[in-house]
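Chain by chain, the residues:
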Amino acid sequence: MPNHVKNRLSRTLLGVAVAAGLLTAGTAPAYAAPHPAPAPGQAAAVPADAANAPQVLVPAAHVVDAETQQVRFSKGADERRPVASLTKTMTAYTVLQQAEPTDKVEITAEDVRYAAKGGASIAGLRAGDRLTVEELLYALMLPSGADAAHALARVYGPGVDAFVAKMNANARRLGMNDTRYVNADGMPYRGGGHSTARDQVRLAQAALADATLRKITSTREHSIPATAEHAAYTWRNTNRLLDTPGALGVKTGYTRAAGYTLAFAADRDGDLLVGVVLGAQDSGVRFQTAQALLDWADDNG
């Protein structure tokens, strides 16, 4: 990537961090209350030429320019819906407020059993393995491992209920006022919780402002060799958009109630575009919709 593009992207990510309340000018990262979400009707309007936007066959979609916070496209953005494994982005974000990437977590039989029930996606973790937080974040975000989610929530709550309370506190700090988490993985246990496309875009921006999460969500495949502490693992990202230029993640999701969901981002000539698609009825539709919206927003910025 050319240096001028890298510099532009760095400025954009810094702006995201400031907007999300993660940084103030000249300071180290802080997790104080962020800039509040815009009140209904106060968000930047969809461009006047939105009539030329691609046809969006999903119930909710929202795309913003992360540097200017201009809304590039919006449909059903404030409708509360289940978001499935987009929940895990908040899990990762909450963990990194407390943990160093090099901290280690031991996987328990409880973590494995929890993930095995209800048809959740798993990372294939083995009881007794000791993995770093960073390795578990790859297991969480690439194959969408509910076993990794349970292990991280169990340790950094401590306990899942305490951890979920921290997730909801972070949602309030980020201005995600239409979001309620009930677990760390987005499966429909306890009702599955809810959020909106607009709130999930705010979360995706906050996640991308963290260098560790930005690296992880942009990774197609991650392997670790066997050691005395753990088995060998290979995890592949479920996000097909990573095969396209400039893509930066962020997270896929699916449950029967939520449909197919996707938080996505891309660097387009130094402009960071961040979006969310909720409620797609087909896995491919979410990726096609996201790609079409990114192309259109890039051409009509």
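Residues numbered from 1 in each chain as written. Predicted model: local features only at pLDDT ≥ 70, side-chain atom pairs only at ≥ 80, totals over all residues. Heavy atoms only, no water.

## Examining the UniProt feature "binding site: substrate" (unreviewed entry) in the protein
Note the threshold: UniProt positions are given in the numbering used here, feature names are shortened, and annotations may be inferred rather than shown by experiment. What counts as a helix is a DSSP run of H or I of at least four residues, what counts as a strand is a run of E of at least two, and both are numbered from the N terminus. Any two residues whose heavy atoms approach within 4.5 Å are treated as being in contact. Pairing of N or O atoms within 3.5 Å defines a polar contact, subject to two protein rules: one partner must be a possible hydrogen donor and the other a possible acceptor, and residues neighboring in sequence count only if both atoms are side-chain atoms.
Under the UniProt annotation, the feature "binding site: substrate" (unreviewed entry) is placed at K251. Among the secondary structure elements, K251 is positioned in strand β7 (residues 247-255). The contacts of K251, once residues within four sequence positions are left out, are S85, L86, K88, T89, L140, M141, S144, T261, L262 and A263. Within the structure, K251 has its side chain in polar contact with the side chain of S144 (distance 2.8 Å).

## Looking at the packing of aromatic side chains
The line we're drawing: Each Phe, Tyr or Trp ring (for Trp, its six-membered ring) is paired with any other whose centre lies within 6.5 Å, and the angle between the two planes then decides the class: stacked below 30 degrees, edge-to-face above 60, tilted in between. With a 1.4 Å probe rolled over the protein chains alone, any residue whose accessible area is under 20% of its type maximum counts as buried; one over 50% counts as exposed, and the rest are partly exposed. Any Lys NZ or Arg CZ found within 6 Å of a ring centre and within 35 degrees of that ring's normal is scored as a charge over the ring.
Under the criterion given, the structure shown has 3 aromatic pairs. Seen in terms of ring centroids, Y233 and W235 are 5.2 Å apart; in terms of plane orientation they differ by 20 degrees. Their pairing is stacked. Neither residue differs from the other here; Y233 and W235 are each classed as buried. One Lys or Arg, K117, reaches over the ring of Y189 and ends 5.5 Å from the middle of that ring.

## Here's the deal with the pairing of strand β6 (residues 233-236)
Short version of the rule: Two strands are counted as paired when DSSP detects at least two bridges linking them.
Going residue by residue along β6, you find Y233 and W235 tucked away on one face and T234 and R236 left uncovered on the opposite face. Inspection of the sheet shows strand β5 (residues 221-224) paired to β6 by 4 bridges, in the antiparallel sense. Across the sheet, the residue bridging to E221 is R236, located in β6.

## Considerations on the nonpolar core
Convention followed: As used here, the term nonpolar core means buried Ala, Val, Leu, Ile, Met, Phe, Trp, Tyr and Cys residues forming a set that is joined through side-chain atoms within 4.5 Å.
Counting 42 residues, the largest nonpolar core has M90, L125 and W235 as its most contacted members. Contributing elements (two or more residues each) for this core: α2 (87-98), α4 (133-141), α5 (146-156), α6 (160-173), α7 (197-208), α8 (211-217) and β6. Tallying contributions element by element places α4 first for this core, with 7 residues. Beyond its immediate stretch of four places on either side in the chain, W235 contacts A123, L125, E135, Y138, A139, L142, P143, R220, E221, H222 and I224. Formed by 19 residues, the second largest nonpolar core is a distinct cluster that contains V56, V58, A266 and L294.

## What to know about the pattern of salt bridges
Proximity of charged atoms lets side chains of opposite charge pair with each other. Convention followed: Throughout this description, the term salt bridge denotes a Lys or Arg side-chain nitrogen within 4 Å of a carboxyl oxygen of Asp or Glu.
Scanning the entire structure with this criterion turns up 13 salt bridges. A salt bridge links R190 to D161; the shortest N-O distance between them is 2.8 Å. Here R190, found in the loop between α6 and α7, pairs with D161, found in helix α6; they are 29 residues apart in sequence, far enough to count as distant. Here R190 falls in the exposed class, since its relative accessible area comes to 61%. As a salt-bridge pair, D243 and R220 come within 3.6 Å of each other at their nearest N and O atoms. Residue D243 is found in the loop between β6 and β7, and its partner R220 is found in the loop between α8 and β5; the two are separated by 23 residues along the sequence. Owing to a relative accessible area of 56%, D243 belongs among the exposed residues under this scheme. In the salt-bridge network here, residues are joined through shared partners; they are K104, R130 and E229.

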